[in-house]
Amino acid sequence: LLIIALAFQGGEFGKIIRESMIDAYIQVSVFVGFTLFVFIGLDSLTKFDVKLFLFKTKKIHVPIASFLGAIPGCGGAIIVVTQYIQGRISFGSLVAVLTATMGDAAFLILAIEPSTGLLIFFLGIFVGTISGYAVDIFHGINFMQLQTKVDIEFERLNKTFVSKFNFFWVLLFIPGFILGIITAFQIEFNINTYNTIFILVGSSGAILSIFMWSLNPLSDFQCSTDKSRGYLSRVVDTTNFVTTWVISGFLIFEIFMYFTSVDLKIFFDLWAPFVPLVAILFGFLPGCGPQVVVATFYLNGYIPLSAELGNAISNDGDALFPAIALAPKAAVFATLYSAIPAILVAYTYLFIFE
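Residues numbered from 1 in each chain as written. Predicted model: local features only at pLDDT ≥ 70, side-chain atom pairs only at ≥ 80, totals over all residues. Heavy atoms only, no water.

Draft legend 1. Spotlight on the packing of aromatic side chains. Considering all chains together, one arrives at 24 aromatic pairs under this definition. Summarising the aromatic geometry, the rings of tryptophan 271 and phenylalanine 274 are spaced 5.8 Å apart at their centres and angled 50° between planes, so their arrangement reads as tilted. Assessed through its relative accessible area of 46%, tryptophan 271 is described here as partly exposed. (Phe/Tyr/Trp six-rings, centres within 6.5 Å; stacked < 30°, edge-to-face > 60°. Buried < 20%, exposed > 50% of the residue type's maximum accessible area, 1.4 Å probe, protein only.)

Draft legend 2. How the structure looks around unusual backbone geometry. Backbone geometry places glutamine 186, a non-glycine residue, at a positive phi of 55°. Note on glutamine 186: relative accessible area 69%, which makes it exposed.

Draft legend 3. Quick look at a nonpolar patch on the surface. Together, Phe256, Val262, Ile266, Phe267, Leu270, Trp271 and Phe274 line one region of the surface with nonpolar side chains, adding up to about 700 Å² of accessible area. No other element matches the 3 residues that helix H14 (residues 264-270) contributes to the nonpolar patch. By secondary structure assignment, the location of phenylalanine 267 is in helix H14. Classification of phenylalanine 267 by relative accessible area gives partly exposed; the value is 39%. (Patch = residues over 30% accessible without salt bridge, like charges linked within 9 Å, V, L, I, M, F, W, Y side chains within 5 Å. Areas by Shrake-Rupley, 256 points an atom, 1.4 Å probe, with all protein chains shown as cover. Salt bridge = Lys/Arg side-chain N within 4 Å of Asp/Glu carboxyl O. Helix = DSSP H or I, 4+ residues; strand = E, 2+ residues; numbered from the N terminus.)

Draft legend 4. Summary view of the confidence of the model for the protein. Looking at the protein as a whole, the pLDDT averages 86, with 91% of positions reaching at least 70. No element of the protein has a lower mean pLDDT than helix H12 (residues 219-225), which averages 61, and none a higher one than helix H17 (residues 305-314), which averages 96. (pLDDT = per-residue confidence, 0-100.)

Draft legend 5. Spotlight on the packing of helix H4 (residues 61-70) against helix H8 (residues 114-139). Between H4 and H8, the shortest axis-to-axis distance is 8 Å and the interhelical angle comes to 145°. The handedness of the crossing between H4 and H8 is right-handed. Two secondary-structure elements touch here, H4 through Val62, Pro63, Ser66, Phe67 and Ala70 and H8 through Phe121, Ile125, Gly128, Thr129, Gly132, Tyr133 and Asp136. Its residues assigned to classes, the contact of H4 with H8 comprises 7 nonpolar, 4 polar and 1 charged. (Axes fitted to C-alpha atoms, helices over the stretch in contact; angles between N-to-C directions. Left-handed = near helix turned anticlockwise from the far one by under 90°. Contact = heavy atoms within 4.5 Å. Nonpolar A, V, L, I, M, F, W, Y, C, P; charged D, E, K, R; others polar.)

Draft legend 6. Looking closely at the environment of threonine 183. Summarising the element assignment, threonine 183 is placed in helix H10 (residues 166-184). When the C-alpha atoms of threonine 183 and aspartate 23 are compared, they prove to be 9.8 Å apart, with 160 residues separating the residues in sequence. Filtering out sequence-adjacent residues up to four positions away, threonine 183 remains in contact with Ile26, Gln27 and Phe198. At 2.8 Å, the side chain of threonine 183 and the backbone oxygen of leucine 179 are in polar contact. (Polar contact = N/O pair within 3.5 Å; in protein donor to acceptor, adjacent residues only side chain to side chain.)

Draft legend 7. Layout of the side chain of asparagine 166. Structurally, asparagine 166 is set in helix H10. Those residues in contact with asparagine 166 that sit more than four places away from it in its chain are Met212, Leu232, Ser233 and Val236.

Draft legend 8. Seen up close, the nonpolar core. Ranked by internal contacts, the top residues of the largest apolar core, which has 100 residues, are Phe91 and Leu94. Residues in contact with leucine 94, not counting those within four places in the same chain, are Val81, Tyr84, Ala330 and Ala334. (Core = buried A, V, L, I, M, F, W, Y, C linked by side-chain atoms within 4.5 Å.)

This is how it looks when you write it as structure tokens:
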């Protein structure tokens, strides 16, 4: 409601808000949606039983946990966390998966900078594996081992009402994706009709995404855990979640610039040694929303890659929620342990390459 209310303001301020929303949808959201169509499509086609696989591969749980955590989204990480809560994997595996996980922010990076996304993916697997084995060697595989018999199941919500808007979402996504490609190739048309369509599709797509997300704000977590839901609904809901937070990131910057004379780029450059640390601390926040904002700031050139790498390693995405709920002590310790490789990687990259 706040974002939409700001968009309908008059004058220069309202214009800035509307342009930010349009840019977020055309330049970012449609590419995230396309990436999700690919990844969730592959996920929906597979009948891979992760629980059975973990049971049969006890000797290599740590690298498997790292791989599942590095997969974009939070589904793999949540499954590993629930296996830890039920006492089936070691604490080192929990540290590995939380270290490797980037959550839904990975879709954003992959959509806009695929090479950076792949770098973070492989780096997450490597760092997560090293961290997990180090913890198991230091503490032993029985450290903080849970023996709970809790059978964990995630609630399945009926989305009959929200799903009715999927048709209109696709109706806007198709021309939005075409406009996004045209914009990405920096092709300009000085035609009133084109400009009108650009504004209409961009603003309508952004508002519809925010509206649909507001009806089910936990949609990204639900999509990560419930594979029985429809393919299109999973894509739409996760894209709406990322879109809302991307727009929030754009607006945070634009509103700050409008009411102050501070140039955030210069500000971050002046405080460059501390920026990765702040990004790492942001990673401690559970959920994917704040991490999407950090990724948005990186993609817009306001924070360096070292900060994004630190945040990617320290953040745990939605996987931290079940861990906090059912094993709070282990969740806190695992999160703190993930800060160590995050600091090492971020500042090593900062001093060598930046």
